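Below, each chain spelled out in residue letters.
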Amino acid sequence: KAKESGRNQYHFFARKMQDKINRRVMLEHLIRKGLEKNEFEVYYQPIVDCRSNTLFGLEALARWTHPDEGMISPVEFIPVAEESGLIAPLGEWVLTRACTDLVDIHHHCEGVHLSVNVSSRQYPLGFDAECVKRILDDTGIMGHDLSLEITESILLDDDPDILSWLNGFRALGVGLSIDDFGTGYSSLSYLKRFPIDYLKIDQAFVASLNTDDDSTPLVRAIIAMARSLNMKIIAEGVELKTQLDTIESLSCHYVQGYYFAKPMPKDQLLVWMADYLQKPSD
Ligand code: C2E
Ligand code: MG
Ligand code: MG
Ligand code: MG
């Protein structure tokens, strides 16, 4: 009896595993076709300056609607794109699209900053300063209008060329952000070695502000550290006024989250901007 249930369990897991693998293989195929068929889009989420309440910048976020499968989250398709190498063409496509859109956005509001996610998997796949320079030149965007978001895991890579890879972007005037800070294993000493301009505090810390498991002391420490290293801090995932108040009291530079706006397609963003820029800031 025990043996039989063990076997059933084995079949159950093997089946689940096979389903997972099948979905990955299918997604990889669909991403490749989706790139050809132009099924991807870029949405933009506002990043607000805490002090002035003005719009500082926008984070570009990939979106994908497959004609049969519907909307597929980047949480699902980005890892598949990374494992298959398709992140290379996808990443370049997102950057090009976002820079092209930024030209138009600048017609409505000058100087808005653009932030684009870059996967560490793009490093060995040839995405570099030369590639960014070509896209900047083609679209007419200045290097200082752009920053690239990387996760802290890249700082743990012991490849000595990582530093020159990052410095290549900076030579173009492009800024560098550490995304989802606090979830990985990097430390102060790692941060110091790299030319980082912005630190994005992970949503998990913002979510637990003012809760039983209050993250306020931790966030205060992160902000103090980042400030001492001359970095600007962006708090991600701000949904509530109480979170915003706490974050502001900790002297954070920028905030981003549903409290202000969700990621939106460009046309919707322009409407949001017109409305936001009209409001008197308090
Ligand atoms: P991320 O770079 O940390 O982006 C922030 C994520 O948090 C986005 O999820 C955004 O929609 C979500 N978010 C923003 N404000 C709030 C909030 O107030 N509450 C909550 N619960 N969520 C909020 P999204 O768009 O699903 O993207 C997930 C992740 O996928 C991104 O995390 C990023 O790591 C990756 N990703 C998205 N687009 C790209 C891309 O073009 N290239 C690469 N390499 N990765 C991307
Ligand atoms: Mg990001
Ligand atoms: Mg990220
Ligand atoms: Mg993040």
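Look a little higher up for the structure.
Scope of this entry: the structure provided in the associated data block. (Residues numbered from 1 in each chain as written. Chains lettered and ligands numbered in written order. Predicted model: local features only at pLDDT ≥ 70, side-chain atom pairs only at ≥ 80, totals over all residues. Heavy atoms only, no water.)

**Some points on the environment of D104**
Next up, step 1: Position of D104 among the secondary structure elements: in helix α3 (residues 87–108).
Next up, step 2: By relative accessible area, which is 25% here, D104 ends up partly exposed.
Next up, step 3: For D104 and G6, which are 98 residues apart along the polypeptide, the C-alpha to C-alpha distance reads 61 Å.
Next up, step 4: With sequence-adjacent residues up to four places away left out, D104 is seen in contact with K266 and L270.
Next up, step 5: A polar contact is formed between the side chain of D104 and the side chain of K266, at a distance of 2.7 Å. (Helix = DSSP H or I, 4+ residues; strand = E, 2+ residues; numbered from the N terminus. Buried < 20%, exposed > 50% of the residue type's maximum accessible area, 1.4 Å probe, protein only. Contact = heavy atoms within 4.5 Å. Polar contact = N/O pair within 3.5 Å; in protein donor to acceptor, adjacent residues only side chain to side chain.)

**Quick word on the site of ligand 1**
Next up, step 1: Around ligand 1, a shell composed of 23 residues is seen, among which R63, D179, Q203, E239 and Y258 lie nearest.
Next up, step 2: For the shell around ligand 1, the secondary structure elements donating two or more residues are β2 (55–66), α2 (74–84), α3 and β6 (175–181).
Next up, step 3: Of all the elements, β2 adds the most residues to the shell around ligand 1, at 4 residues.
Next up, step 4: The residue inventory of the shell around ligand 1, partitioned by class, reads 10 nonpolar, 6 polar and 7 charged. (Near = heavy atom within 4 Å. Nonpolar A, V, L, I, M, F, W, Y, C, P; charged D, E, K, R; others polar.)

**Describing the coordination of the magnesium ion (ligand 4)**
Next up, step 1: The coordination sphere of the magnesium ion (ligand 4), as far as protein atoms go, consists of D179 (OD), D180 (OD), E236 (OE) and E236 (OE), spread over 2.0 to 2.6 Å.
Next up, step 2: Along the chain, the residues that donate to the magnesium ion (ligand 4) are spaced as D-D-x55-E.
Next up, step 3: Between the magnesium ion (ligand 4) and the magnesium ion (ligand 2), the interatomic distance is 4.2 Å, and D179 donates to each metal, bridging them. Of this pair, D180 sits in strand β6 while E236 sits in the loop between β8 (232–235) and α10 (241–249); the two residues are 56 residues apart in sequence, bridging distant segments of the chain.
Next up, step 4: Residue classification places D180 among the partly exposed residues on the basis of a relative accessible area of 26%. (Donors = N, O, S within 2.8 Å, 3.2 Å for Na, K, Ca; no water.)

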